[in-house]
Number of protein chains: 2
Amino acid sequence: MAVNDCFDPLKLENQICFPLYVAAKEVVKRYRPLLDPLGLTYTQYIAMMVMWEHKSVTVGKLCELLCLDTGTLTPMLKKMEAAGLVERRRSKDDERSVIVSITETGEALRAKASEIPARMAQCVSLSTEDAVKLLELLNKIR
Amino acid sequence: MAVNDCFDPLKLENQICFPLYVAAKEVVKRYRPLLDPLGLTYTQYIAMMVMWEHKSVTVGKLCELLCLDTGTLTPMLKKMEAAGLVERRRSKDDERSVIVSITETGEALRAKASEIPARMAQCVSLSTEDAVKLLELLNKIR
DNA sequence: TAAAATTATATTGCATACAACATAAATTTA
DNA sequence: TAAATTTATGTTGTATGCAATATAATTTTA
């Protein structure tokens, strides 16, 4: 190996974060054909997951659970409200809070989404063991 | 465990892609304080890595190496050209191609960036072994 | 309790991201 | 070689994503 070929930490191929960045985008992209028929984007999909589970949450809680900013969520929740999936109203207890609640339409969408996890699992094809290991490593990063 | 608590594939906590999506965003966010002083975003930083290594590449090659679309790269490259980091010119051989070349200013930025990989490594703190395993798993996904 | 600090959302501005489409140049084909 | 196809890049439209800032309501503090 020539001297100049020594490990260069500024080479793209020597990065650890870049493959993570690419893989995340790739996975979101692979959701698209599955989510398009439901009229959902990936971000809206994970928001719906929270709504299906909790039925009703504040914007702040949603931000926390989805690791997203209000600058991202507020406009998106307005779109989802316009689409009839959720409702937004100020809390009576605390007028600062906005409570997001799932609608009948939103609940109904769950049935259509039920196939998605299995189809994605097939698409990503990690063994259970690998998936567990990956989660462990991703947690170490955070 | 109650019957209703059975594994629900539509629960956010049972997702494998969501932690990946969150970790990728988290890592990019952690680059920010290191890249701000250089006037680079993360995406511009990985583009500069390619430029530091190759000096001169077509837009198409850059798209391929960075796994990005022309819709993302073209406007960004224009900004980087405006910042004096690169130059863009049509190829003489093939007028369809645009060649992106690094400038002196772009080369000079490399010195300022040299500390970043080590500082990020400290920030992310994965052992070499874990990093190798993570790369392997991310490659399995793709 | 009135002022200061905190909290919860919303807004603004900037930077991606990518699908879909457009366009010009080069290549292939009939 | 003229037409059809392919290739390389650019443009448009939509959807994030987040920092910084703004605002209104609540809580804390002097």
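Above: the structure in question.
Calculation rules
- Residues numbered from 1 in each chain as written.
- Chains lettered and ligands numbered in written order.
- Predicted model: local features only at pLDDT ≥ 70, side-chain atom pairs only at ≥ 80, totals over all residues.
- Heavy atoms only, no water.
- Helix = DSSP H or I, 4+ residues; strand = E, 2+ residues; numbered from the N terminus.
- Buried < 20%, exposed > 50% of the residue type's maximum accessible area, 1.4 Å probe, protein only.
- Contact = heavy atoms within 4.5 Å.
- Areas by Shrake-Rupley, 256 points an atom, 1.4 Å probe, with all protein chains shown as cover.
- Lys, Arg positive; Asp, Glu negative; His and termini not counted.
- Charge placed at Lys NZ, Arg CZ, Asp CG, Glu CD.
- Near = heavy atom within 4 Å.
- Polar contact = N/O pair within 3.5 Å; in protein donor to acceptor, adjacent residues only side chain to side chain.
- Pairing = 2+ DSSP bridges.
- Axes fitted to C-alpha atoms, helices over the stretch in contact; angles between N-to-C directions.
- Nonpolar A, V, L, I, M, F, W, Y, C, P; charged D, E, K, R; others polar.
- Phe/Tyr/Trp six-rings, centres within 6.5 Å; stacked < 30°, edge-to-face > 60°.
- Parallel < 35°, antiparallel > 145°, perpendicular 65-115°, else oblique.
- Left-handed = near helix turned anticlockwise from the far one by under 90°.
- Disulfide = S-S within 2.5 Å.

Undergrad: Can you lay out the overall build of chain A for me, pointing to particular residues and giving the numbers?
TA: The helix and strand inventory of chain A stands at 7 helices and 3 strands. Ordering the α and β elements of chain A from the N terminus gives α-α-β-α-α-β-β-α-α-α. Counting only C-alpha atoms and orienting by the principal axes, one finds that chain A spans roughly 70 × 35 × 25 Å. Residue burial in chain A is summarised as follows: out of 142 residues, 44% are buried. Of all intrachain contacts in chain A linking residues separated by at least 6 positions in sequence, the fraction that spans at least 24 positions is 48%. Carbon and sulfur atoms form 51% of the exposed surface of chain A, whose accessible area is close to 7900 Å². For chain A, the centre of its 20 positive side-chain charges and the centre of its 19 negative side-chain charges are spaced 4 Å apart.

Undergrad: I'd love a proper account of the protein's contact with DNA strand C, names of residues and values included.
TA: Of all residues adjacent to DNA strand C, which total 30 residues, the nearest are Tyr-21, Gly-60, Thr-74 and Lys-78 of chain A together with Thr-41 of chain B. Of all DNA strand C atoms lying within 4 Å of any protein atom, the proportion belonging to sugar or phosphate reaches 81%. One of the side-chain nitrogen or oxygen atoms of Lys-29 of chain A is found 3.5 Å away from a phosphate oxygen of DNA strand C. The separation between a base nitrogen of DNA strand C and a polar main-chain atom of Gly-71 of chain B is 3.4 Å.

Undergrad: Mind laying out the sheet that holds strand β2 (residues 86–90) of chain B, listing which residues take part and the relevant values?
TA: Sheet strands associate in pairs through backbone hydrogen bonding, adopting either a parallel or an antiparallel arrangement. Residue and element names in this part refer to chain B. Pairing in this open sheet of 3 strands is antiparallel, and the strands run β1-β3-β2 from one edge to the other. With one partner strand each, in any of the chains shown, β1 (56–58) and β2 form the two edges of the open sheet. Here the strands of the sheet are splayed against their neighbours by 25° on average, with no regard to which way each runs. Contacting β2 and β3 (98–102), helix α4 (residues 70–82) runs over the sheet at an angle of about 120° to β2.

Undergrad: Give me the lowdown on the protein's contact with DNA strand D, citing residues and values where you can.
TA: Neighbouring residues of DNA strand D: 30 residues in total, closest Thr-41 of chain A together with Tyr-21, Gly-60, Thr-74 and Lys-78 of chain B. One of the side-chain nitrogen or oxygen atoms of Arg-96 of chain A is found 3.5 Å away from a sugar or linking oxygen of DNA strand D. Listing elements by their share of the surface near DNA strand D, those giving two or more residues are α2 (42–54) and α4 (70–82) of chain A together with α1 (17–35), α3 (59–66), α4 and β2 of chain B. Among the residues making up the surface near DNA strand D, the classes are represented as 6 nonpolar, 11 polar and 13 charged.

Undergrad: Go over the packing of aromatic side chains with me, naming the residues and quoting the values.
TA: Following the criterion strictly, the structure yields 10 aromatic pairs over all chains and no others. Taking the centre distance of 5.2 Å and the plane angle of 75° together, the rings of Tyr-42 of chain A and Tyr-21 of chain B count as edge-to-face. In this pair, Tyr-42 of chain A is assigned in helix α2 and Tyr-21 of chain B in helix α1, connecting two distinct chains. Its relative accessible area of 7% is what places Tyr-42 of chain A among the buried residues. Three or more aromatic residues link up through ring pairs in this structure, and these residues are Phe-18 and Tyr-21 of chain A together with Tyr-31, Tyr-42 and Tyr-45 of chain B.

Undergrad: Outline the packing of α1 of chain B against helix α6 (residues 116–124) of chain B, supporting the account with residue identities and numerical values.
TA: Residue and element names in this part refer to chain B. Direction vectors running N to C along α1 and α6 enclose 135°, while the axes themselves pass 11 Å from each other. With respect to α6, the element α1 is oriented oblique. Considering how the two elements wind past one another, α1 and α6 form a crossing that is right-handed. Contact residues: α1 offers Val-27, Arg-30, Tyr-31, Leu-34 and Leu-35, while α6 offers Ile-116, Arg-119, Met-120, Cys-123 and Val-124. Split into classes, the residues belonging to the contact of α1 with α6 amount to 8 nonpolar, no polar and 2 charged.

Undergrad: Please give an account of the environment of Met-48 of chain A that cites residues and values.
TA: Residues and elements named next belong to chain A. Along the chain, Met-48 turns up in helix α2. For Met-48, a relative accessible area of 0% corresponds to the buried category. Sequence spacing of Met-48 and Arg-96 is 48 residues, and the spatial spacing of their C-alpha atoms is 23 Å. Setting aside its immediate chain neighbours within four residues, Met-48 contacts Leu-40, Met-80, Leu-85, Val-86, Ile-102 and Gly-106.

Undergrad: Tell me about the state of the cysteines, residues and numbers included.
TA: Taken as a whole and assessed by the stated rule, the structure comprises 0 disulfides over all chains. Here Cys-17 of chain A is not cross-linked by a disulfide; its sulfur's nearest cysteine counterpart is in Cys-123 of chain B, at 8.5 Å. Using a relative accessible area of 33% as the deciding quantity, one classes Cys-123 of chain B as partly exposed.

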